[in-house]
Amino acid sequence: MLSHYLALACRNAVRTKLYAAISVTGLSIGFGAAALIALYVHDELTYERFLPNSERIYQIAPALSGRQLAGAGPSDLGLWLAADYPQFAAVTRLFRDQGFFAEGDRKFNEPIVWADSNVFDVFRFVPVEGSLDDALTQPDSLVLTRRVAAKYFGEGGAVGRTLLYQGERPMVVTAVIENMPSNTHLSYISLLAAGHAPYSPAALQDRTPITIFGGKLWNSATYALLEAKEPIGPIRESIATLIDRHAPAVAGGTRRASEVWPLAVRPIRSVHLSANEVARPDAVSYTRVYTVAAIGHTRYST
């Protein structure tokens, strides 16, 4: 029976070539568009899910006028959180930077992320070479993504090799991790360097403790891994005024720092689609996703 229907369809297609070509082309485009939209929606809704324990990872950053900011804050913020909140299994900071690295005749300007040595306690990236345990313990340590490692050393054998930072400071590759996926706001990570290297921006900032909130460079993103089964609600309420206990004054005014810049604690899974409202740190906006999904549904239905 099936062969009969196939033969009939083929004879009709031969007799009406133009109509058949238009129908097949339109159907192919429709299915292709629907598949691409489905992939897009899935990608948007699975941000940060590749990270183990992502449901317990939070980004802590100052807010302004009731709106969460991009995620940067002063370097001291991570130090305060680690000291004051044992409810967090680990607190780590990321400092974005640029710099030259050279190996032999190859020299490239690379986006660098200077990180605290415990960064892999929070972000368990997928290792390709070496071990992430103590990978950034030494101040001359580097962890490369697979793409950057291949650019300098080819496939395999990057661990133990040396790159010259700014052409003069030798730094040793201790591990290689998988490239960041598309569905993460951490996609800028391609090279991680030990933040406690004395010449790093992180170490420079840590050498100058903050005294007035707002009077120091905001160049670090702070993340914390919550202990299992620890409720986040009471911690959020306390963290909102954390800066008042460490840097209560605001430059040029008499208001408390938390009245100007309350600290927002939002789940890392919410960062990409965040509604950016301090009053609702877990809230996300699906407007863009729903719009694309509706277009796909309309297109496929017609």
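Scroll up a little and you will see the structure.
What you see is a predicted model; the values in this text were computed from it and never measured.

### Focus on the pairing of strand β11 (residues 220-226)
- Burial runs high along β11: seven of the seven residues are buried.
- Alternating positions in β11 separate into two faces, Ser-220, Thr-222, Ala-224 and Leu-226 on one and Ala-221, Tyr-223 and Leu-225 on the other, with burial throughout.
- When strand β1 (residues 57-64) meets β11, the two strands line up antiparallel, connected through four bridges. Note that in β11 the partner of Gln-59 across the bridge is Tyr-223.

### Some thoughts on unusual backbone geometry
- Located in the positive-phi region is Glu-48, a residue other than glycine, with phi close to 70 degrees.
- Relative to the assigned elements, Glu-48 resides in the loop between α2 (17-45) and β1.
- The class for Glu-48 is buried, based on a relative accessible area of 0%.
- In this structure, Lys-229 takes a positive phi of about 65 degrees despite not being glycine.
- Relative to the helices and strands, Lys-229 is located in the loop between β11 and α7 (233-239).

### Examining the nonpolar core
- Ranked by size, the top nonpolar core spans 26 residues in total, and within it Leu-94, Phe-123, Phe-125 and Leu-192 carry the most contacts.
- Looking at this core, the elements with two or more residues in it are β4 (88-103), β5 (106-115), α4 (119-122), β9 (169-177) and β11.
- With residues up to four places along the chain from it excluded, the contact list for Leu-94 reads Val-113, Trp-114, Ala-115, Val-119, Phe-123, Leu-186, Tyr-188, Ile-189, Asn-219, Ser-220, Ala-221 and Tyr-223.
- If you look at the next biggest cluster of nonpolar residues, it comprises 23 residues, including Tyr-58, Ala-247, Trp-261 and Leu-263.

### Considering the environment of Ala-240
- By secondary structure assignment, the location of Ala-240 is in the loop between α7 and α8 (242-246).
- The spatial distance from the C-alpha of Ala-240 to the C-alpha of Ser-258 is 6.8 Å, given a sequence separation of 18 residues.
- Setting aside its immediate chain neighbours within four residues, Ala-240 contacts Ser-258, Pro-262 and Leu-263.

### What about the pattern of salt bridges?
- Taken as a whole and assessed by the stated rule, the structure comprises eight salt bridges.
- When the shortest N-O distance is used, the salt bridge between Arg-161 and Glu-103 registers 3.7 Å. Here Glu-103 lies in strand β4 and Arg-161 lies in the loop between α5 (146-153) and β8 (162-165), a separation of 58 residues in the sequence.
- By relative accessible area, which is 15% here, Glu-103 ends up buried.
- One salt bridge connects Glu-110 with Lys-151, and the closest N-O pair in it is separated by 2.7 Å. Residue Glu-110 is found in strand β5, and its partner Lys-151 is found in helix α5; the two are separated by 41 residues along the sequence.
- The partly exposed category is assigned to Lys-151, whose relative accessible area is 30%.
- Each of Arg-93, Asp-116 and Asp-206 takes part in a single network of salt bridges with overlapping partners.

### Considering the side chain of Thr-92
- Considering the arrangement of structural elements, one finds Thr-92 in strand β4.
- With a relative accessible area of 0%, Thr-92 lands in the buried category.
- Here the side chain of Thr-92 touches Asn-118 through a polar contact of 3.0 Å, side chain to side chain.
- What Thr-92 contacts, discounting residues up to four positions off in sequence, is Asp-116, Asn-118, Val-119, Val-122, Phe-123, Ala-221, Thr-222 and Tyr-223.

Cut-offs used in this document
- Residues numbered from 1 in each chain as written.
- Predicted model: local features only at pLDDT ≥ 70, side-chain atom pairs only at ≥ 80, totals over all residues.
- Heavy atoms only, no water.
- Buried < 20%, exposed > 50% of the residue type's maximum accessible area, 1.4 Å probe, protein only.
- Helix = DSSP H or I, 4+ residues; strand = E, 2+ residues; numbered from the N terminus.
- Pairing = 2+ DSSP bridges.
- Core = buried A, V, L, I, M, F, W, Y, C linked by side-chain atoms within 4.5 Å.
- Contact = heavy atoms within 4.5 Å.
- Salt bridge = Lys/Arg side-chain N within 4 Å of Asp/Glu carboxyl O.
- Polar contact = N/O pair within 3.5 Å; in protein donor to acceptor, adjacent residues only side chain to side chain.

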